[in-house]
Amino acid sequence: LPTFAQDFDFFYFVQNWPGSYCDTERSCCYPRTGKPSADFKIHGLWPNYNDGTYPSNCDPSSPFDRTQISDLVSSMEKNWPSLACPSSDNTKFWSHEWNKHGTCSESVLDQYEYFETTLNLKAQANILQALQTAGINPDGSHYSLDKIKSAIEEGIKLTPGISCNVDGSGNSQLYEIYLCVDSSASNFIDCPVFPNSNCASSVEFPKF
Ligand code: 5GP
Ligand code: 5GP
Ligand code: 5GP
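Positions within a chain are numbered from 1, following the residues in the order the chain's sequence is written. Labels follow written order: the first chain is A, the first ligand is 1, and so on. Given that the model is predicted, a residue must reach a pLDDT of at least 70 before its local features are reported, and side-chain atom pairs must reach 80 or more before they are shown or counted; all residues, however, enter totals for whole chains, interfaces and linings. With hydrogens and water set aside, each side-chain value is computed from the structure's full complement of heavy atoms.

Next up on the list: the packing of helix 3 (residues 91-100) against helix 4 (residues 111-124). Packed helix pairs are specified by the crossing angle of their axes together with the interaxial distance, meaning the distance between the axes. Note on method: axes are straight lines fitted to C-alpha atoms, helices fitted across the in-contact stretch only, with angles between N-to-C directions ranging 0 to 180 degrees. Under the DSSP-based scheme used, a helix requires at least four consecutive residues in state H or I and a strand at least two consecutive residues in state E, with every element numbered from the N terminus. In the contact formed by helix 3 and helix 4, the axes pass within 11 Å of each other and the chain directions differ by 110°. Comparing the axis directions of helix 3 and helix 4 gives the class roughly perpendicular. Contact with helix 3, carried on its side by Trp94, Glu97 and Trp98, involves Gln111, Tyr114 and Phe115 of helix 4 and no other residues of that element. In the scheme used here, Gly and all other residues not listed as nonpolar or charged are polar, with Ala, Val, Leu, Ile, Met, Phe, Trp, Tyr, Cys and Pro taken as nonpolar and Asp, Glu, Lys and Arg as charged. Along the lines of polarity and charge, the residues of the contact of helix 3 with helix 4 split into 4 nonpolar, 1 polar and 1 charged. Orientation is classified from the angle alone, with under 35 degrees giving roughly parallel, over 145 giving roughly antiparallel, 65 to 115 giving roughly perpendicular, and any other angle giving oblique. We call two residues in contact when some of their heavy atoms are within 4.5 Å.

In structure tokens, the structure reads:
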């Protein structure tokens, strides 16, 4: 292996709620393809160590190349949009995720496989459905964090990590859902370690 290749223990597969990105003080911009659907979106697939630390930017010689994933782009636009401003074609976000995280799992997944695998994981873990089945809807009201966790455990049989951010009025809101995947990117696993939850005990689930 080249010297930049770093081993890692597992992946975090991270989805986020677009409503919680957009209603912050910073606001958001829809991508040039238009407003994404009201569903959780992919944030990234992140190699991680069991002690909670993680490698990043592992291979500067492997730049993001949109032409390698052209047949994935329409699914990426739907499932992995960038809501940062100014409005974009998402290339900057995907490139950031590849450079920072994807290059650290190149021993397992090449660039095409990295994005393809992440899209497949999304199709296997329907967070919104699990929440709605439990009566937890993106309607701007507040829900108990414990109930959100139980609903996801019940629906997809995995304990999630959950992170929150704050809306423009300072309310703690549901932002990111972390699930864990084994280091070969084949199976969901119980998380070896969870990210620190910064959520209040009751959190807003904003509309989008
Ligand atoms: P934040 O500081 O907003 O929590 O995270 C900023 C960025 O750091 C994330 O978008 C992600 O790229 C990276 N990051 C944060 N926490 C973790 C983690 O626990 N594991 C990994 N692999 N990356 C993380
Ligand atoms: P991370 O470093 O946390 O993996 O990714 C966050 C970086 O990607 C930030 O620099 C952010 O500006 C950029 N980015 C672009 N579009 C988005 C988006 O829609 N959501 C998030 N969370 N980050 C985005
Ligand atoms: P980064 O510097 O990694 O792009 O982003 C730093 C933090 O600001 C991340 O939590 C990211 O999600 C957030 N962020 C970056 N750009 C935007 C934006 O245009 N709108 C919103 N709402 N958040 C952003």
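Text resumes after the structure shown.
Put simply, Cys85 and Pro86 share a cis peptide bond, and its omega is -5°. Position of Pro86 among the secondary structure elements: in the loop between helix 2 (73-79) and helix 3. One non-glycine residue, Ser27, lies in positive phi territory at about 65°. Among the structural elements, Ser27 can be located in the loop between helix 1 (18-22) and strand 2 (41-48). A 1.4 Å probe rolled over the protein chains alone gives each residue an accessible area, and that area as a share of the maximum for its type sets the label: buried under 20%, exposed over 50%, partly exposed in between. Accessibility expressed as a relative area gives 39% for Ser27, which makes it partly exposed. Positive phi, close to 50°, is recorded for Asn57, a residue that is not glycine.

Let's shift gears to a negative patch on the surface. Exposure above 30% relative accessible area and no salt bridge define the residues that can form patches, which grow by joining like charges within 9 Å and nonpolar side chains of Val, Leu, Ile, Met, Phe, Trp and Tyr within 5 Å. Throughout, the Shrake-Rupley method with a 1.4 Å probe supplies accessible areas, and for residues the shown protein chains are the sole cover considered. Salt bridges are identified by distance alone: a Lys or Arg side-chain nitrogen within 4 Å of an Asp or Glu carboxyl oxygen. Positive charges are assigned to Lys and Arg, negative charges to Asp and Glu, while His and the chain termini are left out of the count. Charge positions are represented by NZ for Lys, CZ for Arg, CG for Asp and CD for Glu. A cluster of acidic residues, Asp71, Asp110, Glu113 and Glu116, forms a negative patch at the surface. Considering the arrangement of structural elements, one finds Glu113 in helix 4.

The next subject is the packing of aromatic side chains. Pairing of aromatic rings covers Phe, Tyr and the six-membered ring of Trp, with a centre-to-centre limit of 6.5 Å; geometry is then stacked below 30 degrees between planes, edge-to-face above 60, and tilted otherwise. Taken as a whole and judged by the stated rule, the model has 14 aromatic pairs. A centroid spacing of 5.2 Å and a plane angle of 85° characterise the contact between Tyr12 and Tyr178, whose relative ring orientation is edge-to-face. Here Tyr12 is found in strand 1 (residues 10-16), whereas its partner Tyr178 is found in strand 5 (residues 172-182), with 166 residues between them in sequence. Side by side, Tyr12 and Tyr178 carry an identical accessibility label, which is buried. Consider the rings of Tyr114 and Phe115, whose centres lie 5.2 Å apart with planes at 85°: the pair is edge-to-face. Looking at Phe115, the relative accessible area reads 0%, which means it is buried. Members of the aromatic cluster, connected to one another through ring pairs, are Phe64, Trp80, Trp98, Tyr114 and Phe115. It is Lys35 that lies over the ring of Phe208; its NZ or CZ is 4.6 Å from the centre. Charge-over-ring contacts are defined here by two conditions on Lys NZ or Arg CZ: a distance within 6 Å of the ring centre and an angle within 35 degrees of the ring normal.

For the rest of this paragraph, the subject is the nonpolar core. Here, the term nonpolar core denotes a set of buried Ala, Val, Leu, Ile, Met, Phe, Trp, Tyr and Cys residues that are joined through side-chain atoms within 4.5 Å. Counting residues in hydrophobic clusters, the biggest one holds 48 residues, and the most contacted among them are Phe40, Phe115, Leu131, Ile148, Leu174 and Phe205. The dominant element in this core, judged by the number of residues it contributes, is helix 6 (residues 145-156), at 5 residues. Once you skip the residues sitting within four places of it in the chain, Leu174 turns out to touch Trp17, Ser20, Phe40, Leu131, Ile148, Ile162, Ser163, Cys164, Val203, Glu204 and Phe205. Grouped together as the second largest cluster of nonpolar side chains are 7 residues, Tyr12, Trp46, Tyr178 and Cys180 included.

It is worth spelling out the pairing of strand 1 at this point. Burial analysis of strand 1 places 7 of its 7 residues in the buried class, which makes it a mostly covered element. Burial along strand 1 is two-sided: Phe10, Tyr12, Val14 and Asn16 facing one way and Phe11, Phe13 and Gln15 facing the other are all buried. Each pair of strands is called paired provided DSSP finds at least two bridges between the two strands. Relative to strand 2, strand 1 runs antiparallel, the two being bridged by 7 bridges. In the sheet register, Tyr12 faces strand 2, and the bridge partner there is Trp46. Of the strand pairs in this sheet, strand 1 and strand 5 are connected by 7 bridges, and their pairing is antiparallel. Looking across to strand 5, one finds that Asn16 is bridged to Glu176.

Geometry only, nothing functional implied.
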